[in-house]
Amino acid sequence: MQLQCPMPKVDFEMITLGHGSGGLLTNKLLASGVFDLLKNDLLDERHDGAFINLQGKTAFSTDSFVISPIFFPNSNIGELAVNGTVNDLAMCGAIPRYLSLSFILEEGLSMQEFWEVLVSIKFACEKAGVCVVTGDTKVVEKGKGDKIFINTSGIGTVHPQANISLKNVNAEDSLVISGNVATHGIAIMSVREGLQFDTDIQSDTQALNSAVLTLIEKFGNDVHLLKDPTRGGVAAVLNEIARDTHLGIDLFQKNIPIDEQVEGACEILGLDPLYVANEGIFLSIVNSEIAEDYVQLLRTLPEGKNAQIIGKIVDAHPKQVILQSSIGGKRVVNMPVGEQLPRIC
Amino acid sequence: MQLQCPMPKVDFEMITLGHGSGGLLTNKLLASGVFDLLKNDLLDERHDGAFINLQGKTAFSTDSFVISPIFFPNSNIGELAVNGTVNDLAMCGAIPRYLSLSFILEEGLSMQEFWEVLVSIKFACEKAGVCVVTGDTKVVEKGKGDKIFINTSGIGTVHPQANISLKNVNAEDSLVISGNVATHGIAIMSVREGLQFDTDIQSDTQALNSAVLTLIEKFGNDVHLLKDPTRGGVAAVLNEIARDTHLGIDLFQKNIPIDEQVEGACEILGLDPLYVANEGIFLSIVNSEIAEDYVQLLRTLPEGKNAQIIGKIVDAHPKQVILQSSIGGKRVVNMPVGEQLPRIC
Amino acid sequence: MKYLSEYRNPEVVVQYLDKIAKIATQKWTIMEVCGGQTHSLVKNGLLNLLPENVQMVHGPGCPVCVTPLHLIDKAVYLAEEKGVILCSFGDMLRVPGSKKSLLEAKASGADVRILYSPLEAVKLAKENPQKEIVFFAVGFETTAPANALSVIHAQREGLKNYSILTSHVLVPPAIEAVMNDDATAIQGFLAAGHVCTIMGIDDYYPISKKYHIPMIVTGFEPVDLVQGIYMTIRQLEEGKAEVENQYGRVVKPEGNPEARKVIETVFKICDREWRGIGVIPNSGYELRPEFADFDANIKFDVKIDKVEESKECIAGLVLKGIKKPYECSQFGKKCTPTSPLGAPMVSSEGACAAYYHFSQIANN
Amino acid sequence: MKYLSEYRNPEVVVQYLDKIAKIATQKWTIMEVCGGQTHSLVKNGLLNLLPENVQMVHGPGCPVCVTPLHLIDKAVYLAEEKGVILCSFGDMLRVPGSKKSLLEAKASGADVRILYSPLEAVKLAKENPQKEIVFFAVGFETTAPANALSVIHAQREGLKNYSILTSHVLVPPAIEAVMNDDATAIQGFLAAGHVCTIMGIDDYYPISKKYHIPMIVTGFEPVDLVQGIYMTIRQLEEGKAEVENQYGRVVKPEGNPEARKVIETVFKICDREWRGIGVIPNSGYELRPEFADFDANIKFDVKIDKVEESKECIAGLVLKGIKKPYECSQFGKKCTPTSPLGAPMVSSEGACAAYYHFSQIANN
Amino acid sequence: MCLAIPGKIISIESQYNGIVRMAKVLFGGITKEASLEMVPKAQVGDYVLVHVGVAISIVDEQEAKKTFEYLEGIGELEELMPSKG
Amino acid sequence: MCLAIPGKIISIESQYNGIVRMAKVLFGGITKEASLEMVPKAQVGDYVLVHVGVAISIVDEQEAKKTFEYLEGIGELEELMPSKG
Ligand code: SF4
Ligand code: SF4
Ligand SMILES: [Mg+2]
Ligand SMILES: [Mg+2]
Ligand SMILES: [Mg+2]
Ligand SMILES: [Mg+2]
Ligand SMILES: [Mg+2]
Ligand SMILES: [Mg+2]
Ligand SMILES: [Mg+2]
Ligand SMILES: [Mg+2]
Ligand SMILES: [Mg+2]
Ligand SMILES: [Mg+2]
């Protein structure tokens, strides 16, 4: 898809500190196509901020993206940065509208790579229906950054029928997952130095707002909570929910969808897929009465083909997530401690 | 002021990758006082975004802060990050309300330093009257960051009497500066490796929203444009204005306020103060009829003691900024090319 | 995945569990030696499915956990040396030394790399001729061939900048140490399948005989484990004390002769300190003098003081199966996975961490 | 600031300008040799204040601009060597070599540092014994004592990891080169005050005599410059051709003997290539053989091919004052400060860049 | 300890002038390199148990079935011990 | 070329066992170190011209006035040349 936006001719191949100086080089960089690429009526007229009109309940979210490598199977940090904030807004029951886009570039980054990231941002925005309306570009010295860091912050309009809150989570609610776990995290590991392996596992990063909108329009406030299980995986998110609601969560291992290749990678690296990062899936806690219909509708959507009910909220064992293993045993799924490291043991 | 918020007892002295993993360590870091410190009714209930209520014309701005060193005379990156976005919103004629706060921490950062930055953020927010409502924390490997990078994005309500736009800039308008130039940039250079010098030059970073509010309430739409001349200094900002309005700008060197120590530092380093970064001042382009009153009012405010009319907008020499030197000569003040480097020549 | 999925078949597991329940007429205490087996037992929730009278005790089978403090300190010291890249397996990085872990050394700027294989450390040495590459070579007999191979590869490449810091431990001496403690309650052993893949099963006949105790060489999947447990209890019920091999698809009675040859070429047996247990005679490997050039201990003559373990930590008793982790006064209190007091809380293989992570369900 | 502010007094400037206007009866063409003077003339808008018949021509007085391409290539090459930290003054970093500038080398990962003083490079060498510190020592006579001192300091400290890559150029031979060109229109010189601070003014008597041209040793502030111009024109109007010293507060007729001693100890005179001009005999300094250990040219025996300058660039004519920058076909077109074709567009001292940055006003 | 996973050899190549055999081993859809130095008889198509990049055993298909056969055998055995359960 | 700025010596210390004199030099409120090796007679209170960290000259107060005296002198001179201006 990059082919549709060939890189403009610029007289530099590489980002240098000067491109972050606020002077001629910064202007050249931005004029080189950044503004054209992301063009929209509201885009910062090179003023200090953008003017937008908003009405009513609004969601506001931020995330910085620091993934290494910046290009990985099926995607890159640019698309990720758009989808990440779009999804966080969607998890608030909001219709994502405006993004800010802020780069921290490491000097020496090739203009070609930067351009590819920008083009991905453009297409990701178009797909998700959001506009970049204000931005910033900083350049740090070589060795003080990692090619590209991106912050996106986003503003969305909360859907009038949405009522997403931890407070709405009740015992007996059903826990629904929209797709396979661990795909994104394993796709990244497959290209990470020291661990590389051959696979065609691809990151599943995608915007989830359209699917969420469909679900909320149909099920309204029967949708109690939405969460995208990114860093720390499903385990971290569920533990946070259990901790903050003082309720327990039962998880059914046999229902948890996972791709066979992803499972294989987890085996050799000694990783538990519940702790691996995701980007293209979300968890829903819904009224158990509509749970089956919810999954049925979700499965008709491209984002939800592998949707499953994977657990339920319970009064028993408050603040704990307990997994019923495939062979019928039980174990506590704890909050991960830190980064998951490949094991030999 | 840091004394008022002693660092909580934590069982780690240093940020490690695990603190950015989304697991127990991330939670520990946030629970260690970050949430307490920045507490407010709206602060992200650890959901993916914050819910806010907004009405009418709104300003939205973002900036990433990458300053080195992170502590510098009189301030640090935390205060800078709050003031920077507060000021960008103020430059839109908006009353800053909500901030997002996103950290990219380099592993190895001492918890003590992080805490000091956090405390500065707290006080800067209180001073500027804004709340941090949503946030994010990432940790990158040692050598892939530079202690702390901060992104703040901000949302503000545009003042009903404000009408700030490049389109309002006319020939004959007056150019007002609120205070001394080059102070911040030189304060930073005084502590930068390889250049250090002894001085008590202090960064002038401060929130400008209160001063701007006072001015807009008094002068309404006679205030045509507001800009904080940060990166690239006064020269870059004025060149952008001239370029985008197709008007010329005349600058009067003898009126440009500068601190004597700052001037001395510029002399030995061979830097032109017009190109040095500022943080605590702003430029106003106002109807020339009210310019004198504007400066008078500004001078009564703590942020504007050294305010001066330093130039005017002209039809002559469109897109060019021309300085009348103190000795009566003229020269073009160009857009800076890149980073200003100390000269020997 | 073939040879994995079949051994996770819930129906087969349930059938074995049924059989176990049927034949176990009294309380039996069985130790699974290997941390990998511990991990599998708790991860699959098997402990809760076993009848109450079948007690599993987690053995000292986590090489990461038994690496003594001063060796970690030495690894940290080397990692912080200029020009040194210290590499090891992921699980080794989090283990706290007396001052810090390798992960913390990395956070402070040391060049520490996680590798999947010691052979990749050799590649790293080749690619970075101006750096010293030190591989922190921990492991049981299973890992010894790979670590030894790395030395042979480095020698073959003529590399002068590769060395290993060995902390190799051997299983049979540890089993004897467990049995020699008068307090021991162990009545049967699941022997570690992957150790036997290398070493064969001959070592176990004399032990089984000496302590009159059944020893079942067992695999790691749920079906393997329940079969191994069934076989142990069946022997116990029948009053037998024999060596059996549940894991025949992988373990040959003679082990792997090529692997043993490589080990013998590169390593020799030495006394070794086990964290929480103390020195066990002839329980480790060190490099032979012929490979002194590849011995980080010799190449970098670092003096590291021996350090005392925490007094409150009863790791020794836990590792010998005399106490359960939750019987430790600090378990879940001062000692948690984010700030472990003792080694078994560190690796997710460690007996204490395994309990902490997976078995809190017992508290409900 | 004392000794600065007074010399920026607008009233005094205006009075001198008045006097100049009064005495200049015809067109006079004067070259200010030094880039620092060029900078001050344009920065203070003095060029527009001078009477039309007084033409200032910007000389070759920017050591950064005249550093030949292949030396920059060599500096880039060294910077990209592993273990080398290449240091120089800020203005040197942006100058493009045949492939890239030092700033671009830095962006691609080379360790390039901007220092305020060569003495700090010696400190860096002391603090980084495992690194090679190379100082790219550019400059006219003014900078030679500091660069020489750095070598003496390094020697005194017994440092083995410090060396300098010299690109020292001398002013009097350059003035002669300008005057030897038949096309030259120069009728008087402002000689460079800071060069004379070191070297004294004796060198100028024979030149002044040989070419029958007034030479006024001049300072850098607006008052200095207008006084120097006044003194030059007065001589011209009076038909004189003498050496005068406008800058007596700083320049002694004998120069600075200590500084010359240090220069002579460390350096000897050599032929030197000037970018845009070519080789000028006896126009540079190189390290004496006794200091070969500190000579980066010898220490790192790098072969760098000589490279052709852009054919379209008329830098040589500009540097000799024969053409004005805006008479170049590429000025402001293919050649701008962000992508300079020739050296004088690079440093803000360079004649072309000075015009580009400060004097576009002439176009209005 | 000693995470070791069975995978299928899909190709073999020689390194160090033929002294060392390296295999590409397939684990449920992903492939990783493993040294075959410890399993000289291993061929393409064999399943090998891989630990930290080294194949340490060829999985024996006949033996693999025994776990299930053993289970079937138990029933008969128990019938021989009716006193239990 | 050769940015050199006058500043006032506020203190002097010896380095290298007394061989090298280093000064703190004040430039309009900021201080920076400079070597005094090229100006052996410079004392605290003197103004020195500093270039890349090395003092290269002591500013001569008497000479400094001459620029202004010269200007005053010109007037008289011009009266002697009434034909101009
Ligand atoms: S819980 Fe901690 S302190 Fe107690 S035995 Fe285990 S490791 Fe030692
Ligand atoms: S304008 Fe550029 S091309 Fe022309 S002489 Fe100057 S440097 Fe050379
Ligand atoms: Mg701004
Ligand atoms: Mg977020
Ligand atoms: Mg997010
Ligand atoms: Mg910005
Ligand atoms: Mg989220
Ligand atoms: Mg902004
Ligand atoms: Mg800003
Ligand atoms: Mg986040
Ligand atoms: Mg190291
Ligand atoms: Mg280098």
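Since the model is a prediction, treat every value here as computed from it, not as a measurement. (Residues numbered from 1 in each chain as written. Chains lettered and ligands numbered in written order. Predicted model: local features only at pLDDT ≥ 70, side-chain atom pairs only at ≥ 80, totals over all residues. Heavy atoms only, no water.)

### What about the overall build of chain E?
- Within chain E, the secondary structure is distributed over 1 helix and 5 strands.
- Counted from the first residue to the last, chain E has its helices and strands arranged as β-β-β-β-β-α.
- Taking the intrachain contacts of chain E between residues at least 6 apart in sequence as the baseline, contacts between residues at least 24 apart amount to 28%.
- Surface exposure of chain E reaches about 3,800 Å², of which carbon and sulfur atoms provide 51%. (Helix = DSSP H or I, 4+ residues; strand = E, 2+ residues; numbered from the N terminus. Contact = heavy atoms within 4.5 Å. Areas by Shrake-Rupley, 256 points an atom, 1.4 Å probe, with all protein chains shown as cover.)

### A word on the coordination of the magnesium ion (ligand 9)
- Each protein donor to the magnesium ion (ligand 9) is listed here as D63 of chain B (OD) and D88 of chain B (OD); together their distances run 2.2 to 2.4 Å.
- Residue classification places D63 of chain B among the buried residues on the basis of a relative accessible area of 11%. (Donors = N, O, S within 2.8 Å, 3.2 Å for Na, K, Ca; no water. Buried < 20%, exposed > 50% of the residue type's maximum accessible area, 1.4 Å probe, protein only.)

### Focus on the site of ligand 2
- Taken together, C313, I314, A315, V318, C328, F331, C335, L341, G342, P344, M345 and C352 of chain D make up the full set of residues near ligand 2.
- Broken down by class, the residue content of the shell around ligand 2 amounts to 11 nonpolar, 1 polar and no charged. (Near = heavy atom within 4 Å. Nonpolar A, V, L, I, M, F, W, Y, C, P; charged D, E, K, R; others polar.)

### Quick word on helix α9 (residues 171–180) of chain C
- Of all 10 residues in α9 of chain C, 8 are buried, a share of seventy percent or more.
- Of all the positions in α9 of chain C, only V171, P172, P173, A174, I175, A177, V178 and M179 of chain C are classed as buried.

### Some remarks on the packing of helix α5 (residues 209–219) of chain B against helix α8 (residues 291–300) of chain B
Residue and element names in this part refer to chain B.
- The contact between α5 and α8 brings their axes to 10 Å, and the two run at 145°. Judged by the twist between their axes, the crossing of α5 over α8 is right-handed. Packed against α5, whose contacting residues are T214, L215, K218 and F219, the element α8 presents D293, Y294, L297 and L298 at the interface.
- Residue composition of the contact of α5 with α8, grouped by class: 5 nonpolar, 1 polar and 2 charged. (Axes fitted to C-alpha atoms, helices over the stretch in contact; angles between N-to-C directions. Left-handed = near helix turned anticlockwise from the far one by under 90°.)

### Some thoughts on the confidence of the model for chain E
- Overall, the prediction assigns chain E a mean pLDDT of 86, with 86% of residues at 70 or greater.
- Per-element mean pLDDT across chain E ranges from 80 in helix α1 (residues 61–80) of chain E up to 97 in strand β5 (residues 54–58) of chain E. (pLDDT = per-residue confidence, 0-100.)

### Looking at the relation of the copies chain B and chain A
- Least-squares fitting of chain B to chain A yields an RMSD of 0.0 Å, with the superposition described by an axial translation of 0.0 Å and a rotation of 180°. Seen this way, the second copy is the image of the first under a two-fold rotation axis. Relative to the rotation axis, the closest C-alpha in chain B is found at G145 of chain B, a distance of 2.2 Å.
- With an isologous cut-off of 70% or more, the 100% of interface residues of chain B that recur at the interface of chain A puts this contact in the isologous class. (Least-squares fit on C-alpha atoms with pLDDT ≥ 70 in both.)

### Some remarks on the sheet that holds strand β4 (residues 111–114) of chain C
All names here are of chain C.
- Reading across the sheet, the 6 strands line up as β4-β3-β5-β6-β11-β10 and stay open at both edges, with mixed pairing between neighbours. At either margin of the open sheet sits one strand with a lone partner, and together these are β4 and β10 (267–274). The mean inter-strand angle of the sheet, taken between neighbouring strand axes irrespective of direction, is 25°.
- The pairing of strand β3 (residues 84–88) with strand β5 (residues 132–139) spans 4 bridges and is parallel. Along β5, the bridge assignment pairs C87 with F135.
- Across the sheet, helix α8 (residues 144–156) lies against β5, β6 (162–169), β10 and β11 (278–287), angled at about 160° from β6, the strand it touches most.
- Sheet contacts for helix α13 (residues 257–266): β10 and β11; angle to β10, the most-contacted strand, approximately 80°. (Pairing = 2+ DSSP bridges.)

### Section: the pattern of salt bridges
- Throughout the structure, instances matching the rule amount to 62 salt bridges over all chains.
- Among the salt bridges present, the one from K24 of chain E reaches D198 of chain A, with a minimum N-O distance of 3.7 Å. With one member in each of two chains, K24 of chain E in strand β2 (residues 20–27) and D198 of chain A in the loop between α4 (183–189) and α5 (209–219) form a pair that bridges those chains.
- Judged by relative accessible area, which is 33%, K24 of chain E ranks as partly exposed.
- Residue D198 of chain A is classed as partly exposed on the basis of its relative accessible area, which comes to 42%.
- Across the pair K303 of chain D and D301 of chain D runs a salt bridge, and its minimum N-O distance is 2.9 Å.
- Connected through shared salt-bridge partners, D63 and R231 of chain A together with D136 and K138 of chain B make up one network. (Salt bridge = Lys/Arg side-chain N within 4 Å of Asp/Glu carboxyl O.)

### Structural notes on the interface of chain C and chain A
- Every contact between the two is made by 38 residues of chain C and, on the other side, 28 residues of chain A.
- In total, chain C and chain A occlude about 2,800 Å² of area from one another, counting both sides; carbon and sulfur atoms represent 60% of this.
- Taken together, chain C and chain A are joined by 1 salt bridge.
- A salt bridge links E267 of chain A to R8 of chain C; the nearest nitrogen and oxygen atoms lie 2.6 Å apart.
- Within the residue set of the side of chain C that touches chain A, elements represented by two or more residues are α1 (10–23), α2 (35–43), α3 (46–49), α4 (63–66) and α16 (351–358) of chain C.
- Split by residue class, the side of chain C that touches chain A holds 21 nonpolar, 11 polar and 6 charged. (Buried area = accessible area lost by both parts, 1.4 Å probe.)

### Side note on the interface of chain B and chain A
- Contact with chain B, which involves 73 residues of that partner, is made by 73 residues of chain A.
- Of the roughly 6,000 Å² buried where chain B meets chain A, counting both sides, 53% is carbon and sulfur surface.
- Three residues, D48, F60 and R231 of chain B, lead the burial of chain B against chain A; their summed loss comes to 14% of the area buried on that side.
- For the pair chain B and chain A, the interface holds 6 salt bridges.
- Salt-bridge contacts for D63 of chain A lead to K138 of chain B; the nearest nitrogen and oxygen are separated by 3.6 Å.
- On the surface where chain B and chain A come into contact, there are 36 residue pairs in polar contact (both at pLDDT 80 or more). (Polar contact = N/O pair within 3.5 Å; in protein donor to acceptor, adjacent residues only side chain to side chain.)

### Some words on the arrangement of the chains
- Here 10 pairs of chains are in contact, and chains A and B lead that list by number of contacts.
- With no contact formed, the shortest span from any C-alpha in chain E to any C-alpha in chain F equals 57 Å.

### Re the environment of K126 of chain C
Residues and elements named next belong to chain C.
- By the secondary structure assignment, K126 is in helix α7 (residues 118–127).
- The spacing of K126 and P222 is 96 residues in sequence and 41 Å in space, taken between C-alpha atoms.
- In this view, K126 contacts E157 and L159; residues no more than four positions away in its chain are not counted.

### Remarks on the confidence of the model for chain C
- Residues at a pLDDT of 70 or more form 98% of chain C, whose mean pLDDT is 91.
- For chain C, α16 of chain C is the element with the lowest average pLDDT, namely 78, and strand β8 (residues 215–218) of chain C is the one with the highest, namely 98.

### A look at the sheet that holds strand β13 (residues 330–332) of chain A
Residues and elements named next belong to chain A.
- Pairing within the open sheet is mixed, and its 7 strands lie in the order β8-β10-β7-β11-β9-β12-β13. With partners counted over all chains shown, the strands left at the sheet margins are β8 (223–227) and β13, one partner each. Across this sheet, the average inter-strand angle for adjacent strands is 25°, counted without regard to direction.
- In the sheet, strand β7 (residues 174–177) pairs with strand β10 (residues 283–286) via 4 bridges, with the strands oriented antiparallel. Bridging from a neighbouring strand, V176 pairs with S284 of β10.
- Packed onto the sheet, helix α8 (residues 291–300) meets β7, β8, β10 and β11 (308–314) and runs at close to 150° relative to β11.

### Some words on the side chain of S203 of chain B
- Mapped onto the fold, S203 of chain B is located in the loop between α4 (183–189) and α5.
- The class of S203 of chain B is buried, set by a relative accessible area of 2%.

### Here's the deal with the packing of aromatic side chains
Residue and element names in this part refer to chain C.
- With the rule as written, the count across this model stands at 24 aromatic pairs over all chains.
- With a centroid separation of 6.0 Å and 55° between ring planes, the pair formed by F140 and W274 is classed as tilted. Note that F140 is positioned in the loop between β5 and α8 and W274 in strand β10, a separation of 134 residues in sequence.
- Relative accessible area serves as the criterion here: at 1%, F140 is assigned to the buried category. (Phe/Tyr/Trp six-rings, centres within 6.5 Å; stacked < 30°, edge-to-face > 60°.)

### Focus on the pairing of strand β3 (residues 30–35) of chain F
Residues and elements named next belong to chain F.
- With 5 of 6 residues buried, β3 lies mostly within the body of the structure.
- With 6 bridges connecting them, strand β2 (residues 20–27) and β3 associate as antiparallel partners. Across the sheet, residue V25 finds its bridge partner in β3, namely K32.
- Here β2 hands over to β3 after 2 residues, with G28 in that stretch at a positive phi of 45°.

### Points about the packing of helix α9 (residues 171–180) of chain D against helix α11 (residues 204–211) of chain D
All names here are of chain D.
- One way to put it is that α9 packs onto α11 with a least axis distance of 11 Å and a crossing angle of 5°. Overall, the two elements α9 and α11 adopt an arrangement that is roughly parallel. Together, V171, P172, I175, E176, M179 and N180 of α9 and Y204, I207, K210 and Y211 of α11 make up the contact between the two elements.
- In terms of residue class, the contact of α9 with α11 is built from 7 nonpolar, 1 polar and 2 charged. (Parallel < 35°, antiparallel > 145°, perpendicular 65-115°, else oblique.)

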